[in-house]
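# Summary of structural features
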Amino acid sequence: MRTYPFPCPVCGRKKDYLLTELFEGAILICPYCKLTLTLHGHMWEDVRKEIQKLDEDK
Ligand SMILES: [Zn+2]
């Protein structure tokens, strides 16, 4: 399963998410500081670009 290490914008720690868990409007909960965030807007755009880069590395 392919994963992407998403860095928490508050505490900066990374959690590996399955790529299938990352989509526009996904609710992500940081396991360290319990921040709940919705993946959308420019944050989603950044993640989407990073995922595309991962795909190009095949
Ligand atoms: Zn956090």
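Computed from a predicted structure; not experimentally measured.

### Overview of the coordination of the zinc ion
Taken together, Cys 8 (SG), Cys 11 (SG), Cys 30 (SG) and Cys 33 (SG) make up the protein donors of the zinc ion, found 2.3 Å from the metal. Its four donor atoms give the zinc ion angles of 105 to 117° at the centre, a pattern that matches the tetrahedral case. Within one chain, the residues donating to the zinc ion are spaced in sequence as C-x2-C-x18-C-x2-C. Of this pair, Cys 8 sits in the loop between β1 (3–7) and β2 (14–18) while Cys 30 is found in the loop between β3 (27–29) and β4 (36–38), placing the two residues 22 residues apart along the sequence. Each member of the pair, Cys 8 together with Cys 30, is buried.

### A look at empty space enclosed by the protein
Sizing a probe to match a water molecule and rolling it over the atoms shows the empty space that remains. By the definition in use, this model includes one cavity of 30 Å³ or more. What the largest cavity holds in volume is close to 70 Å³. Every residue along the wall of the largest cavity is listed here: Phe 6, Cys 8, Pro 9, Arg 13, Lys 15, Tyr 17, Leu 28, Ile 29, Cys 30, Pro 31, Leu 35 and Leu 37. Taken together, the residues that form the lining of the largest cavity break down as ten nonpolar, no polar and two charged.

How each quantity is defined
Counting from 1, residues in each chain are numbered in the order their sequence is written. With pLDDT at 70 or above as the cut-off, local features in this predicted model cover only qualifying residues; side-chain atom pairs require 80 or more to be listed or tallied, and sums for whole chains, interfaces and linings still use all residues. The side-chain values count all of the structure's non-hydrogen atoms but skip hydrogen atoms and water molecules. Metal coordination here is assigned from N, O and S atoms located within 2.8 Å of the ion, or within 3.2 Å for Na, K and Ca; omission of water means that sites may look incomplete. Note on geometry labels: four donors, all angles 85 to 135 degrees, give tetrahedral; four donors become square planar and six octahedral when opposite donors are over 155 degrees apart and every other angle is between 65 and 115; remaining cases are irregular. Labels follow the DSSP assignment, with helices taken as runs of H or I lasting at least four residues and strands as runs of E lasting at least two, numbered in each case from the N terminus. A 1.4 Å probe rolled over the protein chains alone gives each residue an accessible area, and that area as a share of the maximum for its type sets the label: buried under 20%, exposed over 50%, partly exposed in between. Buried and open spaces are told apart on a 1 Å grid over the protein atoms alone, a cavity being a set of points where a 1.4 Å probe fits but cannot get out and a pocket being an open set with protein on both sides within 12 Å along at least five of seven lines. Residues with an atom within 4 Å of a point are the lining residues. Grid points are joined across faces, edges and corners, and a volume is the space filled by probe spheres set on the points. Under the grouping applied here, Gly and all other residues not named as nonpolar or charged are polar, the nonpolar ones being Ala, Val, Leu, Ile, Met, Phe, Trp, Tyr, Cys and Pro and the charged ones Asp, Glu, Lys and Arg.

Note that all results are geometric; they support no functional claim without further evidence.
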